[in-house]
Amino acid sequence: MPKKNFTSGNPTTKSDFFVEFVPANSGGINIDIQSKTKVLHLSKLESTSQKSLTDLKIKHGKLSVFDNGGQYFVLQARIEAVIKAAHPGTINESLPLFNKHVHYKSARDRFRRSRLYLPGNQAKLMLNAGIHKPDAVILDLEDSVTPSEKDAARLIVRNALMTLDFFGAERMVRINQGKLGLKDLEAIVPHNVHLILVPKVENAKQLKAVDDKIQNIRKDCGRKEPVYLMPILESAKGILNSLEIAKASKNNVAIAIGLEDYTADIGVQRTNQGRESLFARSQVVNAARSAGIQAIDTVFSDVGDDEGLRSSVQEAKELGFDGKGCIHPRQIRPIHEEFAPTISEIEKAKKVVLAFDEAETKGLGVVSLGSKMIDPPVVKRALHTVELAISTKLLNKNWKKN
Amino acid sequence: MGQKLKLIKNKAGRMVPTIVNGVKSIPFKGIGKHSPNGVKAAPPIRTCQDFPSSGDKVVSSLKEALDKCNIKNGMTISNHHHFRNGDLVMNQVFDILAKMGKKKLRWFPSASFPCHEPMIKHMENGVISHIEGSMNGPLGKYASDGKMNGLAVLRSHGGRWQSVQDGEVHIDVAVIAAPTADPFGNCTGDRGPSACGLLGFGLVDSLYADKVIVVTDNLVDFPCIPWQIQGNNVDYVVVMDKIGDPDKIVSGTTLLTKSPDRLYIAELTAKFVQAAGIMKAGFSFQSGAGGTALAFAIYLKEMMIEAGIKARFIRGGSTKYLVEMLEEGLTDYILDGQTFDLEGVRSMRENSGHVNTSPFTSYNWHGKGNFASMLDAVVLGATEVDINFNANVVTHSDGQMLHGIGGWQNCLSSKCTILPIPSFRNRIPIIVDEVTTLVGPGELIDVIVTERGIAINPRREDLIKATKRSGLPLRRIEEIKGEVDDLVGAPLDKPIFSDEVVGVVKWVDGTVLDSIFKVNR
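Residues numbered from 1 in each chain as written. Chains lettered and ligands numbered in written order. Predicted model: local features only at pLDDT ≥ 70, side-chain atom pairs only at ≥ 80, totals over all residues.

Undergrad: Hey, could you run me through the overall build of chain A in this one?
TA: A count of helices and strands for chain A gives 14 helices and 14 strands. Its C-alpha atoms give chain A principal-axis dimensions of roughly 85 × 50 × 45 Å. Taking as baseline every contact in chain A between residues at least 6 positions apart, the subset at least 24 positions apart corresponds to 70%. (Helix = DSSP H or I, 4+ residues; strand = E, 2+ residues; numbered from the N terminus. Contact = placed C-beta atoms within 7 Å.)

Undergrad: Help me understand the overall build of chain B in this model?
TA: Across its full length, chain B holds 15 helices and 31 strands. Against the globule reference of 24 Å for 521 residues, chain B gives a C-alpha radius of gyration of 23 Å, in line with a compact fold. Each principal axis of the C-alpha distribution contributes one length, and for chain B these read about 70 × 55 × 40 Å. Buried residues in chain B amount to 57% of all 521 residues. If you take every contact in chain B between residues at least 6 apart in sequence, the share linking residues at least 24 apart comes to 73%. (Rg over C-alpha atoms; globule rule 2.2 N^0.38 Å. Buried ≥ 20, exposed ≤ 12 C-beta atoms within 10 Å, placed from the backbone.)

Undergrad: Would you mind showing me how to read the interface of chain A and chain B here?
TA: A common way to state how big an interface is: give the accessible area lost once the parts meet. The partner chain B presents 18 residues to the 18 residues of chain A that form the contact. Looking at the side of chain A that touches chain B element by element, the count peaks at six residues for helix α1 (residues 38–55) of chain A. Of the residues that constitute the side of chain A that touches chain B, the class distribution is seven nonpolar, nine polar and two charged. (Nonpolar A, V, L, I, M, F, W, Y, C, P; charged D, E, K, R; others polar.)

Undergrad: Please clarify how the sheet that holds strand β3 (residues 29–35) of chain A should be interpreted in this entry.
TA: Backbone hydrogen bonds hold the strands of a sheet together, and the pairing may be parallel or antiparallel. Residues and elements named next belong to chain A. Taken in spatial order, the four strands line up as β1-β2-β4-β3 in an open sheet, and their pairing is mixed. The sheet is open, and its two edges are formed by β1 (6–8) and β3, each paired on a single side. Taken pair by pair, the neighbouring strands of this sheet meet at an average axis angle of 10 degrees, ignoring direction. Pairing between β3 and strand β4 (residues 61–67): seven bridges, direction parallel. (Pairing = 2+ DSSP bridges. Axes fitted to C-alpha atoms, helices over the stretch in contact; angles between N-to-C directions.)

Undergrad: Just to check I follow, could you spell out the nonpolar core for this structure?
TA: Generally speaking, nonpolar side chains in soluble globular proteins are found buried as a group. Within the largest apolar cluster, 251 residues are counted, with the highest numbers of intra-cluster contacts made by Ile 255 of chain A together with Ile 176 of chain B. In contact with Ile 255 of chain A, other than residues within four places in its own chain, are Met 230, Pro 231, Leu 233, Ser 242, Ile 245, Ala 246, Val 284, Ala 287, Ala 288, Ile 293 and Ala 295 of chain A. (Core = buried A, V, L, I, M, F, W, Y, C linked by C-beta atoms within 7 Å.)

Undergrad: Would you explain the confidence of the model for chain B in this entry?
TA: Parts of the model with low pLDDT should not have their predicted coordinates read in detail. For chain B, per-residue confidence averages 95 on the pLDDT scale, and 99% of positions sit at 70 or higher. Among the scores for the predicted complex, ipTM is 0.89 and pTM is 0.92. (pLDDT = per-residue confidence, 0-100.)

Undergrad: Got a minute to help me understand the domain arrangement of chain A in this structure?
TA: When its domains are assigned, chain A resolves into domain 1 (6–86), domain 2 (100–339) and domain 3 (343–391). On a C-alpha basis, the centres of domain 1 of chain A and domain 3 of chain A stand 59 Å from each other. (Domains from an automatic or database assignment.)

Undergrad: It is not clear to me how the domain arrangement of chain B should be interpreted in this structure. Could you clarify?
TA: All names here are of chain B. As far as domains go, chain B holds domain 1 (7–29 + 51–249) and domain 2 (260–494). On a C-alpha basis, the centres of domain 1 and domain 2 stand 28 Å from each other. When grouped by side-chain class, the residues that make up the side of domain 1 that touches domain 2 number 13 nonpolar, 15 polar and six charged.

Undergrad: Would you explain helix α2 (residues 72–86) of chain A in this entry?
TA: In an α-helix, one turn spans 3.6 residues, which is why side chains three or four residues apart end up on the same side. Between its first and last C-alpha atoms α2 of chain A spans 21 Å; for 15 residues at 1.5 Å apiece the expected length is 21 Å, and the two agree. For α2 of chain A, a buried count of 13 out of 15 residues is recorded, marking the element as mostly surrounded by other parts of the structure. (Expected span 1.5 Å × (residues − 1).)

Undergrad: I'm lost on the sheet that holds strand β9 (residues 128–131) of chain B in this one. Help?
TA: If you trace the seven strands from one edge of the open sheet to the other, you get β5-β16-β15-β12-β6-β7-β9 (chain B), paired in parallel fashion. Each edge of the sheet is formed by a strand with only one pairing partner; in this case those strands are β5 (58–59) and β9 of chain B.

Undergrad: Mind showing me how you'd approach the packing of helix α9 (residues 291–307) of chain B against helix α10 (residues 320–327) of chain B here?
TA: Axes are the key here: two packed helices are described by the angle between their axes and the distance separating the axes. Residues and elements named next belong to chain B. Where α9 meets α10, the axes come as close as 9 Å, and the angle between the chain directions of the two elements is 20 degrees. One way to sum up the angle between α9 and α10 is to call them roughly parallel. The two elements α9 and α10 meet at a crossing, and its hand is left-handed. Where α9 approaches α10, its residues Leu 294, Ala 297, Ile 298 and Lys 301 are matched on the opposing element by Tyr 321, Leu 322 and Met 325. For the contact of α9 with α10, the residue count by class is six nonpolar, no polar and one charged. (Parallel < 35°, antiparallel > 145°, perpendicular 65-115°, else oblique. Left-handed = near helix turned anticlockwise from the far one by under 90°.)

Undergrad: Got a minute to help me understand the environment of Thr 12 of chain A in this structure?
TA: Residues and elements named next belong to chain A. Locating Thr 12 in the fold gives a position in the loop between β1 and β2 (17–23). Owing to 9 C-beta atoms within 10 Å, Thr 12 belongs among the exposed residues under this scheme. Sequence separation between Thr 12 and Asp 67 is 55 residues, and the spatial gap between their C-alpha atoms is 9.8 Å.

Undergrad: Help me understand helix α10 (residues 278–291) of chain A, please; the structure alone is not making it clear to me.
TA: Residues and elements named next belong to chain A. For α10, which comprises 14 residues, the first-to-last C-alpha distance of 20 Å matches the rise-based estimate of 20 Å (1.5 Å per residue) to within 8%. All of the buried residues in α10 are Ala 280, Arg 281, Val 284, Val 285, Ala 287, Ala 288 and Ala 291. End-on, the buried residues of α10 take up no more than an arc of 165 degrees, which puts them together on one face. Structural note: α10 exposes Leu 278, Phe 279 and Ser 290 on the side pointing more than 90 degrees away from its buried face. (Arc of directions from axis to C-beta.)

Undergrad: It is not clear to me how the pairing of β2 of chain A should be interpreted in this structure. Could you clarify?
TA: Sheet faces and side chains relate simply in a regular strand, where the side chains alternate between the two faces. Residue and element names in this part refer to chain A. Pairing of β1 with β2, which is carried by three bridges, proceeds in the antiparallel orientation. Following the sheet pairing, Phe 6 is matched in β2 by Phe 21. Pairing of β2 with β4, which is carried by seven bridges, proceeds in the antiparallel orientation. Along β4, the bridge assignment pairs Phe 21 with Leu 63.

Undergrad: I'm lost on the packing of helix α11 (residues 306–319) of chain A against helix α12 (residues 332–339) of chain A in this one. Help?
TA: All names here are of chain A. At their nearest, the axes of α11 and α12 sit 9 Å apart, and the two run at 35 degrees to each other. Seen along the crossing, α11 lies across α12 with a hand that is right-handed. Residues Asp 306, Leu 309, Arg 310, Val 313, Gln 314 and Lys 317 of α11 lie in contact with α12, whose contacting residues are Pro 334, Ile 335, Glu 338 and Phe 339.

Undergrad: Even after reading the chapter, I still don't get unusual backbone geometry, so can you show me in this structure?
TA: A negative phi angle is the norm for most residues apart from glycine, just as the trans form is the norm for most peptide bonds. A cis geometry characterises the amide bond from Phe 222 of chain B onward to Pro 223 of chain B, with omega recorded as -5 degrees. Within the secondary structure, Pro 223 of chain B is located in the loop between β15 (211–216) and β16 (236–239). Here Ala 490 of chain B and Pro 491 of chain B are connected by a cis peptide whose omega angle stands at 5 degrees. In this structure, Lys 133 of chain A is a non-glycine residue whose phi angle is positive, near 55 degrees. Within the element layout of this structure, Lys 133 of chain A appears in the loop between α3 (123–127) and β6 (136–140).

Undergrad: Is there a simple way to think about the environment of Gly 320 of chain A in this case?
TA: Residues and elements named next belong to chain A. Looking at the secondary structure, you find Gly 320 in the loop between α11 and β12 (323–326). Taking C-alpha positions, Gly 320 is 27 Å from Asp 211, a pair spaced 109 residues apart along the chain. Gly 320 has contacts with Val 285 and Ala 295, leaving out every residue within four places of it along the chain.

Right under this line is the structure:
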């Protein structure tokens with residue numbers, strides 16, 4: 001029988017590994033390591049490779065590791081990927097050590113102004129992503145990962161969630177559609193993810209299927225923390241069903257719109273003015289509001305166009321969106337700045353909040369400002385504005401005392 | 001060859017030889033502890049009547065000039081490195097000397113570059129015994145592997161000048177590539193097809209060498225104005241078709257880093273300079289030409305405009321970004337040690353506020369003061385920093401010697417020395433327990449800025465106090481190290497060094513700060 005080799009990665013990709021495995025029935029384990037940094041890393045490369053094979057209960061075969069300076073959790077993931085390709089029955093995992101300090105909680109109503117997309121198979125982009133302080137990182141398993149890298153990316157993302165500190169950013173994972181997505185969930189849900197983005201959702205049933213799967217996995221692995229959901233609507237059908245989708249699960253915290261696919265679906269060109277998507281965007285905002293969750297706008301894909309980004313965020317804010325996707329760290333700051341409330345918005349919000357406080361203290365059922373009665377949604381909005389102003393340092397957190 | 005030498009422990013706790021390439025050397029005594037006395041070295045007396053009264057010193061070829069210098073085996077040949085990787089002269093010089101059958105020459109460049117790789121063949125055939133000067137790239141690797149016949153002696157730009165004045169290095173023949181020169185030997189770097197800006201690194205050579213050859217591809221009638229090097233110190237002038245490759249001498253445009261992490265580090269550095277109160281009216285700073293340093297200057301510029309603050313002077317390496325600051329009135333002067341791009345060259349030529357300087361004015365140990373200590377802040381790089389703030393610029397963590405010191409050591413005497421560096425590069429941590437090679441003592445390094453936070457040297461209580469409420473991410477260096485160690489998989493292996501010394505690092509005062517050992521593979 002000719003020996004077959006199984007590979008993961010690309011030999012020329014920097015800050016990564018290329019791993020090759022040739023299974024055998026006898027002869028023990030043979031590990032070959034090629035690295036330019038052997039002087040510093042050889043022991044660790046050997047011990048990590050050996051540990052992975054032991055975790056996966058592999059007793060025979062030849063493992064070749066070409067090191068281009070990747071992270072060790074990537075090496076583990078790529079070894080697991082080739083072993084699972086060679087031995088599809090393997091159920092064991094090779095998990096990195098869980099760094100407890102990278103664990104922190106999320107919350108339903110937290111800010112989700114910026115969410116930074118990071119391709120799931122490119123760990124090097126993940127390492128410092130949290131430093132740029134996005135509200136969320138999205139480790140993407142869907143469109144930014146080629147089919148041949150899907151299996152490795154799933155494991156790299158799982159390991160990254162366990163290993164990397166994203167410095168307070170919400171940890172989101174965008175899974176694939178359909179069956180592949182369910183497989184993604186099995187790997188991801190037990191391991192330190194906050195939120196799952198579900199792509200191309202067109203009806204409530206699809207979302208429920210994902211939610212049910214997550215609840216089953218949670219039960220199996222004993223995960224107590226909730227897993228939040230953010231469905232992405234990317235088709236005419238999805239937009240028209242946005243309300244049922246937004247209300248489909250109590251774990252939904254936001255719905256997002258994806259305009260590349262949506263404009264293709266309705267057969268128009270995506271323009272900077274965005275007239276073609278005005279209906280869809282407004283629909284998403286209204287569905288989100290009526291379900292009591294956040295509305296998140298699409299990504300702005302021209303990384304070099306700072307002004308274009310800013311006006312796109314202003315427009316998103318005017319339409320009622322709470323956040324915007326980004327594909328480069330440099331987009332984070334403009335997004336936060338543009339979502340920040342204006343001075344007059346802050347002043348108005350402060351008055352409402354003070355009136356609300358007064359009503360609370362006096363035990364009044366109705367909040368009023370001067371002769372005007374203030375409705376509860378206005379109060380909620382004002383509280384949000386004040387919180388946003390404090391987080392963007394436009395308002396001192398002790399403003400009530402001053 | 002790497003050499004097994006008797007080593008003693010110096011004041012920095014590093015093992016160093018007391019004899020370097022046959023010359024008695026003084027182990028590092030501590031910062032500011034070495035004050036030699038006596039008389040500086042001087043060139044031999046020369047008399048004007050021995051030179052053409054017409055002022056025409058042009059000879060027919062480089063070979064003729066070298067012939068006339070009466071070079072003997074074992075002599076020292078020097079040059080400046082203003083042509084960087086575009087130098088077309090020095091390989092020819094040693095090819096000619098090889099043909100002339102010369103042996104055991106010491107090459108004393110202010111720095112060497114990958115274009116000088118052919119020198120390896122001259123070291124292998126014995127024409128060059130060894131190189132004393134910054135080695136970048138293949139020559140560094142060659143020396144690191146212990147293949148060079150003598151020890152690599154790594155000096156700062158100021159230290160090179162000091163070594164000549166102390167008589168530690170006697171230059172027999174200096175070859176000065178000059179973008180524009182006249183037949184008398186007056187020359188300048190600010191114009192001509194191979195313009196490099198200035199010639200400051202070659203100034204000491206012109207003053208102290210026994211023989212001085214000026215090589216140009218742009219001969220103008222006397223007088224060459226301005227003259228950066230005086231013809232009165234020059235013996236021969238050689239005209240060649242092409243002395244440099246302009247694209248490799250200066251870059252057409254200097255590229256800013258695009259890395260979001262590096263940009264963030266640059267921005268943090270600028271914010272630190274502001275928060276610490278350094279950025280005030282009439283202040284001064286120096287930052288290099290690396291991507292992060294350039295970005296720092298741009299962030300600082302924006303802050304200066306916003307705060308309505310103007311600097312008195314900026315020290316170059318100049319780039320178009322510094323030139324813009326000069327032209328927009330954000331500084332009165334650029335005091336320039338080298339120009340990195342065409343805009344820098346143009347500005348030096350056209351703007352009287354853009355002044356050419358030399359290691360003597362800027363860095364010299366035996367001067368009556370120098371500019372470096374007057375700077376309010378310098379922004380520098382490093383290959384490694386340890387938890388005691390000691391830093392390394394010449395070797396990597398794997399022990400390979402790959403870079404020169406440049407003006408780096410000299411700059412450490414500024415009022416605030418800041419190293420903006422990524423906390424890891426390609427899974428190699430930059431913050432370590434102990435530097436592989438000590439090039440900068442920690443007591444002179446004040447601030448480390450990484451993408452994971454800013455660490456202030458605990459000795460600088462003033463800076464800690466000034467920035468305490470700045471909102472900047474101030475952290476202990478150990479804390480940053482711990483975080484990065486997790487990320488890179490530490491503890492890692494360490495290189496295993498042999499007991500063979502392949503090079504030494506000199507401190508700015510001429511004492512020996514550290515040794516570089518051969519790595520056992």
